[in-house]
Amino acid sequence: MAKPLPTDLFPGFELLETTDNPTATSIAIPLSALEGLTAMEADPATGDGREVMLSLLSALHVNYTTLPTPSARMEITRGEAITGDTTRRVDFGVSIAVQIPTSTYQVLAEPA
């Protein structure tokens with residue numbers, strides 16, 4: 001199987017130039033906010049969607065768990081295990097536990 005492109009994992013994915021402005025219906029994350037991800041890896045036409053995914057998961061975990069006031073409604077944990085001797089397989093596990101009402105599937109407001 002060929003590596004998945006960023007657009008395979010995130011339809012509509014774009015890599016904006018510094019002078020580009022995102023549209024009002026877009027989410028823009030600066031490349032510099034995704035540690036280790038290069039413009040080449042994030043290129044929609046030739047990049048590697050797996051690298052984009054790993055960088056997003058890592059940034060999500062690091063940024064959320066280092067907030068000054070943790071959320072009472074959501075917890076994110078990440079595990080990492082390295083196995084193998086020549087290829088160094090790394091197994092990442094990301095777990096997100098959220099308190100939501102089943103009728104709306106929206107995160108509950110933080111307690112006062």
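The structure this text deals with has already been given above.
The shown structure was predicted, so the numbers you read here are calculated from the model rather than taken from an experiment.

Draft legend 1. Expanded view of the nonpolar core. One finds Leu34, Leu37, Ala42, Val52 and Ala59 forming the largest nonpolar core, which totals 5 residues. Aside from chain neighbours lying at most four places away, what touches alanine 42 is Pro6, Phe13, Leu15, Leu31, Leu37 and Val52.

Draft legend 2. Examining the environment of serine 32 more closely. Here serine 32 is to be found in the loop between α1 (6-9) and α2 (39-42). Classification of serine 32 as exposed rests on a relative accessible area of 72%.

Draft legend 3. Fine view of the environment of leucine 56. On the secondary structure map, leucine 56 appears in helix α3 (residues 49-65). Accessibility expressed as a relative area gives 25% for leucine 56, which makes it partly exposed. What leucine 56 contacts, discounting residues up to four positions off in sequence, is Phe10, Ile29 and Leu34.

Draft legend 4. Summary view of the side chain of serine 55. On the secondary structure map, serine 55 appears in helix α3. The residues contacting serine 55, other than those within four sequence positions of it, are Leu34, Glu35 and Leu37.

Draft legend 5. Broad picture of the layout of surface pockets. Here the largest pocket defines a volume of roughly 620 Å³. Lining the largest pocket are 22 residues, and of these Phe13, Glu14, Ile27, Ala28 and Ile29 lie nearest its centre. Looking at the lining of the largest pocket residue by residue, the classes come out as 16 nonpolar, 5 polar and 1 charged. Considering only enclosed or pocket space, the second largest pocket measures out at about 160 Å³ in volume. Lining the second largest pocket, in full, are Glu35, Glu51, Leu54, Ser55, Leu57, Ser58, Arg78, Phe92 and Val94. A per-element tally of the lining of the second largest pocket places α3 first, with 5 residues. Partitioned by chemical class, the residues of the lining of the second largest pocket number 4 nonpolar, 2 polar and 3 charged.

Reading the values: the criteria
Residues numbered from 1 in each chain as written. Predicted model: local features only at pLDDT ≥ 70, side-chain atom pairs only at ≥ 80, totals over all residues. Heavy atoms only, no water. Core = buried A, V, L, I, M, F, W, Y, C linked by side-chain atoms within 4.5 Å. Buried < 20%, exposed > 50% of the residue type's maximum accessible area, 1.4 Å probe, protein only. Contact = heavy atoms within 4.5 Å. Helix = DSSP H or I, 4+ residues; strand = E, 2+ residues; numbered from the N terminus. 1 Å grid on protein atoms, 1.4 Å probe; cavity = no way out; pocket = protein on both sides within 12 Å on 5 of 7 lines; lining within 4 Å. Points joined across faces, edges and corners; volume = space filled by probe spheres on them. Nonpolar A, V, L, I, M, F, W, Y, C, P; charged D, E, K, R; others polar.

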